[in-house]
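Chains, contacts and geometry: an overview
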Amino acid sequence: MSLFDIRVPAVLLRIDRNPFHHGTLGAVRSLGRAGVEVHLVADSAGSPVRGSRFVRRMHPPPPPGASAHDIAAVLRRVAGRVRRPAVLVPMDDASAIAVGRMRDDLSPLYLLPDVPAGLPERVADKAELAAVCAAADVPHPVTLVPDSPARAAAAARELGLPLVAKWSRPWLLPPGSGLRSTMVLHSAREARELYLRSAEAGSRLLLQAHLPPGPNGDWFVHGYADRSGTVRAGGSGRKRRAWPRGAGLTAVGCWTPNPQVQALAERLTDALGYRGIFDLDFRRCAATGRYHLLDFNPRPGAQFRLFADSAGLDVVRALHLDLTDRPLPDGAPLPGREFVVENYAPLAALRPAPGGRELAWHARDDLAPGRALWTLWGGHVARRLLARLADGGTGPAGTAPTGTAPTGTAPIGTAPAGTAPSTGVSAASPAPPVSPVPSASPGPAGSPVPPVSSASDVSDVSDDSDDEKASTC
């Protein structure tokens, strides 16, 4: 008898139009392998996920710039096609925030965690996260929010160089702008120039102290807070390689027990009364040894399948089991297990993995996405390289090479600060200013990966469409 109530389907929602989001495929496979009927509401054009045998049906996503009302209309239409209540799984920040805003309207049609109103938006906003951490006594890097180009330059000098720049609401970044959610800056001039694009970015610029780097410095904690608030499934992991290098998503991760970061994560979720899936990113300061929270993602992290335990339980399966009143199995952790994203770390996918490994795209029981990846990714990289050559190089850190607006203005067609450009969720009211804050059973191993000449053939091609909320200082 299945552990799962397979009468209850799952609907995965992704508003961000990134065709290479491997976390979406991970969720499709995880639930599909458990016998759950999986519906995917996402842009499938040019995406390997559309070929997965575990997708029951693809549904068109909300249009770019859709309001919460538009998103609700899409979800009601999908519910009408599914014809029975389904577990709804937001796969990106914009989706999680939209669902959080509309929970009461959606609850008759979908099964959802009882998360406090507005909490997903609050923790996803990087400006508000500093205050959240201070209230819960969770270390967070010193953060300043400049209100003019001159103050941005002054803040850079005050914090010291290099420093980290972040947009407070990265889900509002317009596609194709060249703006990244997180950047490392090396001069006050770069900070000033980046501030001038605040209107285009749709949210405020945060400047953050750069924590001294060190070995084993980047960590993440995934988990599922059940209806009682108990954290189930997931675990702590170490980022062995990031893409882009030094400020990006996990290209190679390893399940590594770390009681300190696990305790910080559980303290924070408990203090907030959080319910549902979460993905927290930490950086260990080499000078002090303290772990600082960098990001709180109120949805599955793209590498969540790293934490599939001996019973096959991961955070997405935990969500479905809990919301359908099924018991969660007690599996054993699998320390040493690896997760590799082949298009960002192809050589790592070929090396021995004595602790076990799951590949993001290739799986023996679902071959089509892995086969499609290399054709689609090759075309994607070629287009990016051609665009870079056409632009004649790149601009300052974190900015697009061409098309920047005159001082104090936004390009035609962009939204004013605090509003949503071409994104899936319209902006809410701006968050309050932030003062400086004192630091206070395993899946299939996969089929062989086609060799490449070097890792840089793929990973050195910068692309904002693949930028998840960066988990590094």
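Residues numbered from 1 in each chain as written. Predicted model: local features only at pLDDT ≥ 70, side-chain atom pairs only at ≥ 80, totals over all residues. Heavy atoms only, no water.

**Here's the deal with the overall build of the protein**
Worth spelling out the cut-off: For helices the rule is a DSSP run of H or I covering at least 4 residues; for strands it is a run of E covering at least 2, with both sets numbered from the N terminus onward. Note on exposure labels: buried denotes an accessible area under 20% of the residue type's maximum, exposed denotes more than 50%, and partly exposed covers the range between, all computed with a 1.4 Å probe on protein chains only.
A tally of regular secondary structure across the protein gives 13 helices and 16 strands. The buried share of the protein, reckoned over its 473 residues, is 58%.

**Let's talk about the pairing of strand E11 (residues 231-243)**
Our working definition: By the convention used here, strands pair only if DSSP detects at least 2 bridges between them.
Pairing between strand E10 (residues 218-225) and E11: six bridges, direction antiparallel. Bridge pairing in E11 links valine 221 to serine 236. Counting the residues in the hairpin turn of E10 and E11 gives five residues, including glycine 229, whose phi is positive at 95°. Summarising the sheet, E11 and strand E12 (residues 249-255) pair through six bridges and their orientation is antiparallel. In the sheet register, glycine 237 faces E12, and the bridge partner there is tryptophan 255.

**Notes on the sheet that holds strand E7 (residues 163-167)**
With antiparallel pairing, four strands are arranged side by side in an open sheet as E6-E9-E7-E8. For this open sheet the edge positions go to strand E6 (143-144) and strand E8 (182-185), each flanked by a neighbour on one side alone. Pairing between E6 and strand E9 (residues 205-209): two bridges, direction antiparallel. Across the sheet, threonine 143 pairs through a bridge with glutamine 208, a residue of E9.

**Focus on the packing of aromatic side chains**
For clarity, the threshold we go by: Here is the rule: rings of Phe, Tyr and Trp (six-membered ring for Trp) pair when centre to centre is within 6.5 Å. Planes less than 30 degrees apart are stacked, more than 60 are edge-to-face, and the remainder are tilted.
A complete count under the given rule lists nine aromatic pairs for this structure. For the ring pair tryptophan 255 and phenylalanine 307, a centre distance of 5.2 Å and an interplane angle of 80° mean the geometry is edge-to-face. In this pair, tryptophan 255 sits in strand E12 while phenylalanine 307 sits in the loop between strand E14 (291-297) and helix H11 (315-323), placing the two residues 52 residues apart along the sequence. Here tryptophan 255 matches phenylalanine 307 in class, with each residue buried. Clustering of aromatic rings is evident, with ring pairs tying together Phe20, Trp243, Tyr344 and Trp377.

**Some details on the confidence of the model for the protein**
The following threshold applies: In predicted models, pLDDT denotes the confidence assigned by the predictor to each residue on a 0 to 100 scale. The contact rule is simple, with two residues in contact once any of their heavy atoms fall within 4.5 Å.
Averaged over the protein, the pLDDT score is 85; the fraction of residues at 70 or greater is 82%. Counted against residues more than four places away or in other chains, residues 395-473, with its pLDDT under 50, gives 245 contacts.

**Some details on the environment of glycine 301**
Among the secondary structure elements, glycine 301 is positioned in the loop between E14 and H11. Accessibility expressed as a relative area gives 1% for glycine 301, which makes it buried. Through-space distance from the C-alpha of glycine 301 to that of phenylalanine 278 is 7.4 Å; in sequence the pair is 23 residues apart.

**Considerations on the packing of helix H7 (residues 149-159) against helix H8 (residues 188-195)**
Helix-helix packing is described using two parameters, namely the angle between the two axes and the distance between the axes. So the rule is basically this: Inter-axis angles, ranging from 0 to 180 degrees, are taken between N-to-C directions of lines fitted to C-alpha atoms, where helices are fitted over the stretch in contact. Crossing handedness: left-handed means the near helix sits turned counterclockwise from the far one by under a right angle, and right-handed means the same turn made clockwise. Throughout this entry, Asp, Glu, Lys and Arg are counted as charged residues, while Ala, Val, Leu, Ile, Met, Phe, Trp, Tyr, Cys and Pro are counted as nonpolar. The remaining residues, Gly among them, count as polar.
At their nearest, the axes of H7 and H8 sit 8 Å apart, and the two run at 145° to each other. Of the two possible hands of crossing, H7 and H8 adopt the one that is right-handed. Of the residues in H8, those touching H7 at Pro149, Ala152, Ala153, Ala156 and Arg157 are Ala188, Ala191, Arg192 and Tyr195. Looking at side-chain class alone, the contact of H7 with H8 contains seven nonpolar, no polar and two charged residues.

**Some details on empty space enclosed by the protein**
For clarity, the cut-off: Each cavity reported here is a set of points on a 1 Å grid over the protein atoms alone in which a 1.4 Å probe fits but cannot get out, each pocket an open set with protein on both sides within 12 Å along at least five of seven lines, and each lining residue one with an atom within 4 Å of a point. Grid points are joined across faces, edges and corners, and a volume is the space filled by probe spheres set on the points.
Here the largest cavity defines a volume of roughly 210 Å³. In this structure, the largest cavity is lined by 18 residues; those nearest its centre are Pro90, Pro113, Val115, Arg275 and Pro298. At the level of secondary structure, the elements contributing two or more residues to the lining of the largest cavity comprise strand E4 (86-90), helix H3 (93-101) and strand E13 (276-284). The biggest single contributor to the lining of the largest cavity is H3, with three residues. For the lining of the largest cavity, the residue count by class is 13 nonpolar, two polar and three charged. In this structure, the second largest cavity spans a volume of roughly 80 Å³.

**Points about the sheet that holds strand E3 (residues 55-59)**
On the basis of which strands lie adjacent, the open sheet formed by five strands has the order E3-E2-E1-E4-E5 and parallel pairing. At either end of the open sheet lies a strand with only one pairing partner, and these are E3 and strand E5 (110-111). Across the sheet, H3 touches strand E1 (10-13) and E4, and the angle it forms with E4 is around 130°.

**Points about the layout of surface pockets**
Volume-wise, the second largest pocket comes out at about 330 Å³. As for the second largest pocket, its lining consists of 20 residues, and the residues nearest its centre are Ala233, Gly234, Gly235, Trp255 and Pro333. At the level of secondary structure, the elements contributing two or more residues to the lining of the second largest pocket comprise E11 and helix H10 (259-272). Examining the composition of the lining of the second largest pocket, we find that six residues originate from one element, E11, more than from any other. When grouped by side-chain class, the residues that make up the lining of the second largest pocket number 10 nonpolar, six polar and four charged.

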